[in-house]
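Okay, here's what each chain looks like letter by letter:
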Amino acid sequence: MADKRRSPCTMSLKAHAFSVEALIGAEKQQKKKRRKLEDGAGEQPGVPELPACSLPPSPSEDGYGGVKAAVGTCSSPLSSPVVPAPGGTAASVIRVDLQGAELWKRFHEIGTEMIITKAGRRMFPAMRVKISGLDPHQQYYIAMDIVPVDNKRYRYVYHSSKWMVAGNADSPVPPRVYIHPDSPASGETWMRQVISFDKLKLTNNELDDQGHIILHSMHKYQPRVHVIRKDCGDELSPVKPIPVGEGEKAFTFPETIFTTVTAYQNQQNGFRSSCGVLCILETFLEDPYI
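Per chain, residues are indexed from 1 in the order of the written sequence. Since the coordinates come from a predicted model, pLDDT governs what is reported: local features require at least 70, and pairs of side-chain atoms require 80 or more to be given and counted, while whole-chain, interface and lining totals use all residues. Excluded from the side-chain calculations are hydrogens and water; all other atoms, namely the structure's heavy atoms, are used.

Asks: Sorry if this is basic, but what is going on with the pairing of strand β15 (residues 258-261) here?
Replies: Put simply, side chains in a regular strand alternate between the two faces of the sheet. Think of it in three bands: residues with accessible area under 20% of the maximum for their type are buried, residues over 50% are exposed, and the middle band is partly exposed, with areas taken using a 1.4 Å probe on protein chains only. To qualify as a helix, a DSSP run of H or I must reach at least 4 residues; to qualify as a strand, a run of E must reach at least 2; elements of each kind are numbered from the N terminus. Of the two faces of β15, the one lined by Phe258 and Thr260 and the one lined by Thr259 and Val261 are each fully buried. Where strand β2 (residues 113-115) and β15 come together, three bridges link them in parallel fashion. Across the sheet, residue isoleucine 115 finds its bridge partner in β15, namely valine 261. Two strands form a pair only when DSSP identifies at least two bridges running between them.

Here's what the structure looks like:
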């Protein structure tokens, strides 16, 4: 009986194990196993996935640099996201936005100088703000004070066109606070208008009796805007420091820091003051509430 011959397409088991088809199939299996292992490594059994949190923007993120003052000992908070507001909704966080920020930034780039005189001089640019997040039915005082940035006195160096430290600061001046003339008013009233401090005046007369803000020349200062709940503002006075507490919050803007002078040292300040008048006129035309 003739030996049975295998078909040319038939291979032994050993030969099949090394065939191209078998090698490709084994590689696919290995890839599937690796994918399963990688997918399993990214999952942590027993640990639930946490939802993303949504937090309100902080004053330092609004492009304006607004900063809230530290809270103290007044009976109840001025604003809190967990305290129910009238109407059953949660009270929002108070926000103060600087108006005319672009003009302030232009001055800040060259070093803002603010002229002060014995008789009193209005600020240029003037501080103007817009407030949101107040309780519409609550009464508030809005005030402003101006505090030293550091304990240094400065001088302007013309050949390098920059301000340099010239020594220690002069002795502290009597505290002065500018209380906005519309105070007190409801939160609803404050929030629907631009709040301007254009009537505030600066002086270097330490014997001033006109209620102007007293400052030393050639020193650096920072304006602060205060929002004070009426029941925490009973001791508010133009000639006393602002009482600090949970019913009071202060807001500052880095671009409003200025150096006091009796005449412009950097002449760009005088030039930009002239240009700034045009900016203010344009703002008046655009905003009827100013």
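Asks: I keep staring at the pattern of salt bridges and nothing clicks. Help me out?
Replies: Pairing is possible between side chains that carry opposite charge, provided their charged atoms lie close to one another. Criterion for a salt bridge: a side-chain nitrogen of Lys or Arg within 4 Å of a carboxyl oxygen of Asp or Glu. Taken as a whole and assessed by the stated rule, the structure comprises five salt bridges. The closest approach of N and O atoms between aspartate 170 and arginine 153, which form a salt bridge, is 3.9 Å. Of the two residues, aspartate 170 is situated in the loop between β7 (162-168) and β8 (178-179) and arginine 153 in strand β6 (residues 152-157); the sequence distance between them amounts to 17 residues.

Asks: What am I meant to see in the side chain of histidine 212 here?
Replies: Within the secondary structure, histidine 212 sits in the loop between β11 (201-203) and β12 (213-214). Owing to a relative accessible area of 12%, histidine 212 belongs among the buried residues under this scheme. Every residue pair with non-hydrogen atoms within 4.5 Å of one another is taken to be in contact. When residues no more than four places from it in sequence are discounted, the contact partners of histidine 212 are Ala119, Gly120, Arg176, Lys201 and Thr203.

Asks: How should I be thinking about the packing of aromatic side chains in this particular structure?
Replies: Working definition: an aromatic ring pair is given by the centre-to-centre distance plus the angle between the planes. Each aromatic pair joins two rings of Phe, Tyr and Trp (for Trp, the six-membered one) with centres within 6.5 Å, and gets the label stacked for planes under 30 degrees apart, edge-to-face for over 60, and tilted for any other angle. The tally for this structure, following the rule as stated, stands at five aromatic pairs. Measuring from centroid to centroid gives 5.2 Å for tyrosine 156 and tyrosine 158, while their planes differ by 80 degrees, and the two rings are edge-to-face. Overall, the relative accessible area of 55% leaves tyrosine 158 in the exposed class. Members of the aromatic cluster, connected to one another through ring pairs, are Tyr156, Tyr158 and Trp163. The aromatic ring of tyrosine 154 is capped on one face by lysine 220, whose charged end is 4.7 Å from the ring centroid. Charge over a ring is defined by NZ of Lys or CZ of Arg lying within 6 Å of the ring centre and within 35 degrees of the ring normal.

Asks: Hey, could you run me through the sheet that holds strand β10 (residues 195-196) in this one?
Replies: Read across the open sheet, the three strands follow the order β1-β4-β10; overall the sheet is antiparallel. The sheet terminates laterally at β1 (95-98) and β10, the two strands that pair on one side only. Where β1 meets strand β4 (residues 128-132), four bridges bridge the pair, whose relative direction is antiparallel. Of the residues in β4, the one forming a bridge with valine 96 is isoleucine 131.

Asks: When you look at the nonpolar core in this model, what are you seeing that I'm missing?
Replies: One broad trend across soluble globular proteins is that nonpolar side chains are buried collectively. Put simply, buried Ala, Val, Leu, Ile, Met, Phe, Trp, Tyr and Cys residues joined by side-chain atoms within 4.5 Å make one nonpolar core. Residues Met123, Met127, Ile131, Ile146, Phe197, Leu202 and Val227 are the most contacted members of the largest nonpolar core, which totals 31 residues. Residue assignment for this core shows that the elements contributing at least two residues are β1, α3 (101-110), β4, β5 (139-148) and β13 (220-229). Counting residues per element, this core draws most heavily on β5, which supplies four residues. Contacts of methionine 123, omitting those with residues within four sequence positions, involve Trp104, Met114, Met144, Ile146, Leu200, Leu202, Pro223 and Phe258.

Asks: Hey, could you run me through the environment of glutamine 139 in this one?
Replies: Here glutamine 139 is to be found in strand β5. The spatial distance from the C-alpha of glutamine 139 to the C-alpha of proline 184 is 6.0 Å, given a sequence separation of 45 residues. With sequence-adjacent residues up to four places away left out, glutamine 139 is seen in contact with Pro184, Ala185, Ser186, Ile228, Arg229 and Lys230.

Asks: Is there a simple way to think about the environment of proline 184 in this case?
Replies: By the element assignment, proline 184 lies in the loop between β8 and β9 (185-186). The partly exposed category is assigned to proline 184, whose relative accessible area is 31%. Once the C-alpha coordinates of proline 184 and lysine 230 are considered, the two residues, 46 residues apart in sequence, prove to be 6.8 Å apart. Residue contacts for proline 184: discarding those within four places in its chain leaves Gln139, Tyr140, Tyr141 and Lys230.

Asks: Can you walk me through the sheet that holds strand β3 (residues 121-122) in this structure?
Replies: For sheets, the rule is that strands pair by backbone hydrogen bonds, running either parallel or antiparallel. Spatially, the three strands line up as an open sheet ordered β3-β11-β12, and their pairing is mixed. Each having just a single partner strand, β3 and β12 make up the two edges of the open sheet. The pairing of β3 with β11 spans two bridges and is antiparallel. Bridge assignment links arginine 121 to a residue of β11, and that residue is leucine 202.

Asks: What should I look at first to understand the environment of asparagine 205 in this one?
Replies: For asparagine 205, the location among the structural elements is in the loop between β11 and β12. Expressed as a C-alpha distance, the spacing of asparagine 205 and lysine 118, which sit 87 residues apart in the sequence, is 5.1 Å. The contact partners of asparagine 205, leaving out residues within four places of it in the chain, are Lys118 and Ile214.

Asks: Would you take a moment to explain unusual backbone geometry for this structure?
Replies: Following phenylalanine 124, the chain continues to proline 125 via a peptide bond in cis, the omega torsion being 0 degrees. For proline 125, the location among the structural elements is in the loop between β3 and β4. The omega torsion across serine 183 and proline 184 is -10 degrees, close enough to zero to call that bond cis. Backbone geometry at serine 161 places phi at a positive 55 degrees, although glycine is not the residue there. Counting through the fold element by element, serine 161 comes out in the loop between β6 and β7. Notably, methionine 218 is not glycine yet its phi reads approximately 65 degrees, a positive angle. Topologically, methionine 218 is positioned in the loop between β12 and β13. Judged by its relative accessible area of 22%, methionine 218 is partly exposed.

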